[in-house]
Amino acid sequence: MRSAFHLRLPSLLPVLLLLLLSSSLSYRPRGALAAQFDVGVILDRKTWIGNISRTCMIMAVEDFYKANPDYTTRLSLHWRDTDNSSIGAASAALDLLKNVRVQAIIGPQTSTQAKFVAILGDKAQVPIISFSATSPTMSSSQNPYFIRTAWNDSSQAQAIASLVEAFGWREVVPVYEDSDYGASIVPHLIDALQEVGADAPNRSMIPLSATTDRRLVLAELHKLNQGRTRVFVVHMSYSLAFRLFSTAQEVGMMGEGYVWITTYGLTDLVDLRGPAAARIMRGALGIRPYVRNTTKLQGFKARWRRRYHQESVNANVTEPTVYGLWAYDTVWSLAMAAEAVRASSSSPFTWSNVTNSSTDLGRLGSSPTGPTLRELILNTTLVDGMSGRFEMVEDGQVLQSRAFEILNVADDGWRRVGFWTPTHGASRHMNKATALRVVEWPGGGTKPPKGWEWPTAGNKLIVGVPVKPGFPQFVTAINSVPDGYCIKVFEAVLSQLPYNVPIQYEIYKDNHGESNGTYDDLIYQVFLQKYDAVVGDVTIRANRSLYVDFTLPFTVSGVSMVVPIRDERRKDAWTFMNPLTPNLWFASGAAFVFTGLVVWFLEHRINVNFNPGRASDQIGTVFYFSFSTLVFAHQEKVLSNLARVVVVIWLFVVLILQSSYTASLTSMLTVQQLQPTVSNVDQLVRDGSKVGYLKDSFMPGLLKRLKFNESQLIAYESPQEYHDALLNGSVAAIVDEIPYLKVFLSQYCDKFTMVETIDKTSGLGFAFPKGSPLVPDVSRAILNVTETNKMKDLENMLYGNTSCPDRDPDMTSSRLTFNSFWGLFLISGATSFSALILHLVFFLYEHRHGLQDGQWRSILGWLATLAKLYSQTDSCADAPEKAKPQDGTATGDIPDSPYLDSGWQTPSSISNHANGYLGSEDDTGTPPEEEETPGREISEQTQGSPSFAEMLRR
């Protein structure tokens, strides 16, 4: 093999020489030809962020150029260690700009320091890149060369507000340090809370000196404990926050009922301080930007942990914070921008415009690469940065995150309970809206605290009670002990709350026992924090809601007026005509006449009672019979079945009509028809009438808006004064709220009535301070009480049981109209008309031979003959009275036909006679003599027998 290699070596030598030459031309030692890009770094090595971020940036430089070995630039980091002062940071920046001539500065750590350093950057046109100055007050609009590679503190305000909304808390107290960093988040937090219906009525600002002075923290915690709110949002530095939580634990404010929420600037405190911080912060909630735990991030954390522990042996930090990840991505974005600057310009990284000014600022000059470098940094995007997608926006800061993770402090550190996203808010999962996981709250419980405690520190709820001398039914005070409807309702409502609320009443009165002001003045005392609530007959008004929060109303609402009543009915000699309207009088009279005529037509041929002889007598009989039925005094007997049907139906109509008339007339003569003297408020305004109202109420303002003059308004204090003023005519009406008027009418309903709702109000309610968490609970309790019999009992106690009937001010007359009886008239008229038609049909049928055989000169002659036939009395007609037989037979026996005894003709003979007469050609009118034939008399007697139609007619 060796001989074979020697034999082939001469043939391979040209190839080896070519490869060696090519390698020597392309090889350059790492960094030998790379241009140095000076970058200043200002950190505080005495802080956790300073140490963690320093290690992250060193690793970032190494990782970047390891991934990009052939870049022509190389970052050179110049470290400056400063304290927490702004002067130290500005001095370090000035040294870097003047002596090192850096092209960019990373840092400083705090927002206060960044304000001073940003001014120097603008002067020198050097980008100042901060990954930890998160104050919203810092922006590139004020300092063009300031670039923030961290999330703005305002970005977490919505996440915190969503967390507050998820647990139903109504009030939050921001607890922050007295610095630009601490105070800058408060306006954004309050705006976000208001969007979800919460508020921050109080704030707690702790001085920075409290880090070393425990008494300052203790005094502030005492103030917090005196308030009712138990939800605190903490935003401050690590050292001050540790002092705050340790002191809060000592005074018992890390126990049950308290809620502590930390911003993402403090969320890493447990990781930095370990079990000591977890013990004092147990149960607290915190948020921080969500970073996906990728394989790349896991590997970086393992390398960082080894590197960090080599440099800080006694450190117990296990992984870099989010600030360290932002510092890592900041170095990468700067290294990419530096390479892009070198590629776009062949000039070295030198400064220009250095002057001979006597001041350091005057001799700074400006960086020629600054403007280009700034634009390149702003346009840098890291798709897979260590903290996630790293992208800048136009205002010089990193694009806001799309998610926060919500953490809960447990015994062993943080425990994730959910996420916050702009789409789903606070949720267990990122991609759908679900409830958060179970949270372990301070004190060890899992039930969410209600967020407030009332009362606190052993104090009672101070309740202001108005003085109401005129209407003690609503609220009164006997020996400074309040009582009345409103007090009883309030106590019933408190009994429905799921917790105990000790109360202490204070009567709002002066030294003379009178009211100390108007109701508006009393409401304003709640705004001044003199009272914790106001309970009484307080009306919910828009102007009052500017200073207090009202519960739901517990009474009816509205403003009305009470006026005297008078009897509107006229009682004179013609009152008996009033029960029926004119059209009903006319219809009744027509029905009487028509019915009488129909009965006469049906009866006069067979009933001598309806055929007394002369025409005038028959007309009198018609009217007498028909109108005597009104009092059922008619004595005439009806024989025809058709007439009997007509009379029965008519008597039914008369009965109903008579009963209705009697009832209506009785009502008119005995019952008053009371009507209000005034029907609406416009009438009072037009007439210039005086009106009364309740003293110390809001009525004057309302009445003036209705165009009443001041001279028309008179104030009263009691229902008795209302009564006297209305009776003596001092006022035409009393205007007041409906509950008061109902109490007044319960005593004087026989003389006055309520008319027209003048204005709509929201009713009576209880007043609490703005944002009071008691309001929703008390409102729900009011609904519970309203739905029970307890409220009905209280209202009966207030209004009493009055015997006065309800009166409608718009009541109509009780006169009877035709519309109420036209159905009866229709039935009676139809019956009468049908009976008349049947009677005529039967009559024509019975005399059909006599009316058909003759020859008539005219139609009038035919009608005359018909009338003559109809006017004749039937041979079977009954006499007015049946004479008793002389032979001693019983009265009920039927004698021989009177028509035969008296020689009266039968209808058949009359018909035959008429036939012979009408058929004669004799102009003298003398009936022709007829030849007697055997059997003729028998035939006529047979024809005179009653037929079936005759029997039905009868």
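Bear in mind that the values here come from a model prediction, so they are computed numbers and not experimental data. (Residues numbered from 1 in each chain as written. Predicted model: local features only at pLDDT ≥ 70, side-chain atom pairs only at ≥ 80, totals over all residues. Heavy atoms only, no water.)

### Focus on the overall build of the protein
Within the protein, the secondary structure is distributed over 32 helices and 28 strands. Counting the 954 residues in the protein, one finds 47% classified as buried. When contacts within the protein are restricted to residue pairs at least 6 apart in sequence, those whose partners lie at least 24 apart make up 73%. Looking at the protein as shown, the accessible area adds up to about 47,300 Å², and 54% of this sits on carbon and sulfur atoms. (Helix = DSSP H or I, 4+ residues; strand = E, 2+ residues; numbered from the N terminus. Buried < 20%, exposed > 50% of the residue type's maximum accessible area, 1.4 Å probe, protein only. Contact = heavy atoms within 4.5 Å. Areas by Shrake-Rupley, 256 points an atom, 1.4 Å probe, with all protein chains shown as cover.)

### A short note on the sheet that holds strand S7 (residues 204–206)
Sheet strands line up and pair through hydrogen bonds in the backbone, either parallel or antiparallel. Strand order in this open sheet of 8 strands is S7-S6-S8-S9-S10-S13-S14-S15, and the pairing throughout is mixed. Strands with a single pairing partner mark the edges of an open sheet, and in this sheet they are S7 and strand S15 (425–427). Across this sheet, the average inter-strand angle for adjacent strands is 25°, counted without regard to direction. Strand direction decides the pairing type here: strand S10 (residues 285–289) and strand S13 (residues 404–410), joined by 5 bridges, are antiparallel. (Pairing = 2+ DSSP bridges. Axes fitted to C-alpha atoms, helices over the stretch in contact; angles between N-to-C directions.)

### Some thoughts on helix H4 (residues 111–124)
The terminal C-alpha atoms of H4 lie 20 Å apart, and with 14 residues this matches the ideal 20 Å at 1.5 Å per residue to within 8%. Turning to H4, its buried residues are Ser111, Gln113, Ala114, Val117, Ala118, Leu120, Gly121 and Ala124. Positive backbone phi, approximately 55°, marks glutamine 125, located one or two places after H4. (Expected span 1.5 Å × (residues − 1).)

### With respect to the confidence of the model for the protein
Overall, the prediction assigns the protein a mean pLDDT of 79, with 77% of residues at 70 or greater. The spread of mean pLDDT over the elements of the protein runs between helix H29 (residues 898–901), the lowest at 35, and strand S9 (residues 259–262), the highest at 96. Between residues 879–954, whose pLDDT stays under 50, and residues either more than four places distant or in other chains, the model counts 62 contacts. (pLDDT = per-residue confidence, 0-100.)

### Observations regarding the pattern of salt bridges
Scanning the entire structure with this criterion turns up 24 salt bridges. Arginine 389 serves as the salt-bridge partner of glutamate 391, at 3.0 Å between the closest nitrogen and oxygen. One salt-bridge network, in which partners are shared between bridges, spans Asp268, Asp271, Arg288, Glu405 and Arg416. (Salt bridge = Lys/Arg side-chain N within 4 Å of Asp/Glu carboxyl O.)

### Side note on the side chain of threonine 761
Along the polypeptide, threonine 761 turns up in the loop between strand S27 (752–759) and strand S28 (767–769). Threonine 761 gets classed as buried once you look at its relative accessible area, which sits at 10%. A distance of 2.8 Å separates a polar side-chain atom of threonine 761 from the backbone nitrogen of glycine 558. Among all residues touching threonine 761, those that are not within four sequence positions of it are Thr539, Arg541, Ser557, Gly558, Val559, Phe698 and Glu737. (Polar contact = N/O pair within 3.5 Å; in protein donor to acceptor, adjacent residues only side chain to side chain.)

### Overview of the UniProt feature "transmembrane region" (unreviewed entry) in the protein
Within this numbering scheme, the UniProt entry marks residues 584–603, 642–661 and 821–845 as carrying the feature "transmembrane region" (unreviewed entry). Split by type, residues 584–603 is 100% helix and 0% strand. Its first and last C-alpha atoms lie 28 Å apart. With 100% helix and 0% strand, the stretch residues 642–661 has end C-alpha atoms that lie 29 Å from each other. (UniProt positions renumbered as here; feature names shortened; annotations may be inferred.)

### Focus on the environment of tyrosine 748
One can find tyrosine 748 in helix H23 (residues 738–748). By relative accessible area, which is 14% here, tyrosine 748 ends up buried. For tyrosine 748 and tyrosine 722, which are 26 residues apart along the polypeptide, the C-alpha to C-alpha distance reads 10.0 Å. Beyond its immediate stretch of four places on either side in the chain, tyrosine 748 contacts Pro719, Gln720 and His723.

### Examining the pairing of S13
The element S13 is largely enclosed, with a buried count of 7 among its 7 residues. Residue alternation in S13 divides its side chains into two sets, Phe404, Ile406, Asn408 and Ala410 and Glu405, Leu407 and Val409, and both sets are buried. In terms of strand pairing, S13 meets strand S14 (residues 413–421) through 7 bridges, oriented antiparallel. Its bridge partner being in S14, glutamate 405 is matched across the sheet by phenylalanine 419. Between the end of S13 and the start of S14, which pair antiparallel, lie 2 residues.

### Quick word on the environment of phenylalanine 586
Structurally, the position occupied by phenylalanine 586 is in helix H17 (residues 582–603). A relative accessible area of 66% places phenylalanine 586 in the exposed class. As a C-alpha pair, phenylalanine 586 and phenylalanine 818 span 232 residues in sequence and 9.3 Å in three-dimensional space.

### Some points on the nonpolar core
Where a protein is soluble and globular, its nonpolar side chains tend to be buried together. Membership of the largest hydrophobic core comes to 115 residues, with the highest contact counts inside it found for Trp260, Ile261 and Leu334. The element contributing the most residues to this core is helix H13 (residues 322–344), with 13 residues. Every residue in contact with leucine 334, bar those within four places of it in the chain, is listed here: Phe37, Val39, Leu75, Ala104, Ile106, Ile129, Leu373 and Ile377. The next biggest cluster of nonpolar side chains, apart from the first, holds 52 residues, and it includes Val493, Leu764, Phe766 and Leu774. (Core = buried A, V, L, I, M, F, W, Y, C linked by side-chain atoms within 4.5 Å.)

### Overview of the packing of aromatic side chains
In the structure shown here, the tally under the stated rule is 38 aromatic pairs. Ring plane angle 90° and centroid distance 5.1 Å describe the contact between phenylalanine 64 and tyrosine 65, whose orientation is recorded as edge-to-face. Ring geometry for phenylalanine 64 versus tyrosine 71: centroids 5.4 Å apart, planes at 75°, classification edge-to-face. An aromatic cluster of at least three residues, connected via ring pairs, comprises Phe471, Phe474, Tyr485, Phe490, Phe554, Tyr716, Tyr722, Tyr740, Phe744, Tyr748, Phe752 and Phe766. For arginine 74, the ring lying beneath its charged end belongs to tyrosine 65, and the centroid distance is 4.7 Å. When the ring centre of tryptophan 452 is taken as reference, the NZ or CZ atom of lysine 450 above it lies at 5.7 Å. (Phe/Tyr/Trp six-rings, centres within 6.5 Å; stacked < 30°, edge-to-face > 60°. Lys NZ or Arg CZ within 6 Å of the ring centre and 35° of its normal.)

### Describing the sheet that holds strand S1 (residues 35–43)
With respect to topology, 5 strands assemble into an open sheet ordered S2-S1-S3-S4-S5, the strand pairing being parallel. For this open sheet the edge positions go to strand S2 (73–81) and strand S5 (146–148), each flanked by a neighbour on one side alone. Between one strand and the next, the sheet's axes are offset by a mean angle of 25°, whatever the strand orientation. Relative to S2, S1 runs parallel, the two being bridged by 9 bridges. Bridging from a neighbouring strand, valine 39 pairs with leucine 77 of S2. Sheet strands in contact with helix H2 (residues 48–67) are S1, S2 and strand S3 (104–106), and its direction is about 170° off that of S2. Sitting on the sheet, helix H3 (residues 86–100) touches S1, S2 and S3, and the angle it makes with S1 is about 165°.

### Topic: H17
Residue pairs three or four apart in sequence face the same way in an α-helix, which turns once every 3.6 residues. Compared with an ideal rise of 1.5 Å per residue, which puts 22 residues at 32 Å, H17 spans 32 Å between its outermost C-alpha atoms and is within 8% of the ideal. The set of residues buried in H17 consists of Leu584, Ala587, Ser588, Ala591, Phe592, Thr595, Gly596, Val598, Val599, Trp600, Leu602 and Glu603.

### Digging into the pairing of strand S11 (residues 381–385)
Moving residue by residue along a regular strand, the side chains alternate between the two faces of the sheet. For S11 and strand S12 (residues 388–391), the ladder comprises 3 bridges, and the chain directions are antiparallel. Bridge pairing in S12 links leucine 382 to phenylalanine 390. Between S11 and S12, which pair antiparallel one after the other, the connecting turn spans 2 residues.

### Quick notes on a nonpolar patch on the surface
Together, Tyr524, Phe527, Leu528, Leu546 and Tyr547 make up a nonpolar patch on the protein surface, roughly 490 Å² of accessible area in all. Within the element layout of this structure, tyrosine 547 appears in the loop between strand S20 (533–534) and strand S21 (548–550). (Patch = residues over 30% accessible without salt bridge, like charges linked within 9 Å, V, L, I, M, F, W, Y side chains within 5 Å.)

### Considering the environment of valine 234
Take valine 234: it is sitting in strand S8 (residues 231–235). Residue valine 234 is classed as buried on the basis of its relative accessible area, which comes to 0%. Taking the C-alpha atoms as reference, valine 234 lies 8.1 Å from leucine 266; in sequence the two are 32 residues apart. Setting aside its immediate chain neighbours within four residues, valine 234 contacts Val175, Leu244, Phe245, Trp260, Ile261, Thr262, Thr263 and Leu266.

### Some details on the packing of helix H8 (residues 214–226) against helix H9 (residues 238–250)
Running from N to C, H8 and H9 point in directions that differ by 60°, and their axes come no closer than 10 Å. The orientation of H8 relative to H9 falls into the category oblique. For H8 against H9, the interelement crossing comes out right-handed. On H9, the residues touching Arg214, Val217, Leu218 and Leu221 of H8 are Arg243, Leu244, Thr247, Ala248 and Glu250. Each residue belonging to the contact of H8 with H9 can be placed in one class, and the counts come to 5 nonpolar, 1 polar and 3 charged. (Parallel < 35°, antiparallel > 145°, perpendicular 65-115°, else oblique. Left-handed = near helix turned anticlockwise from the far one by under 90°. Nonpolar A, V, L, I, M, F, W, Y, C, P; charged D, E, K, R; others polar.)

### Section: unusual backbone geometry
Glycine 107 connects to proline 108 through a cis peptide bond whose omega is -5°. Mapped onto the elements of the fold, proline 108 is located in the loop between S3 and H4. The backbone of glutamine 125 shows a phi angle near 55°, a positive value even though the residue is not glycine. Summarising the element assignment, glutamine 125 is placed in the loop between H4 and strand S4 (128–130).

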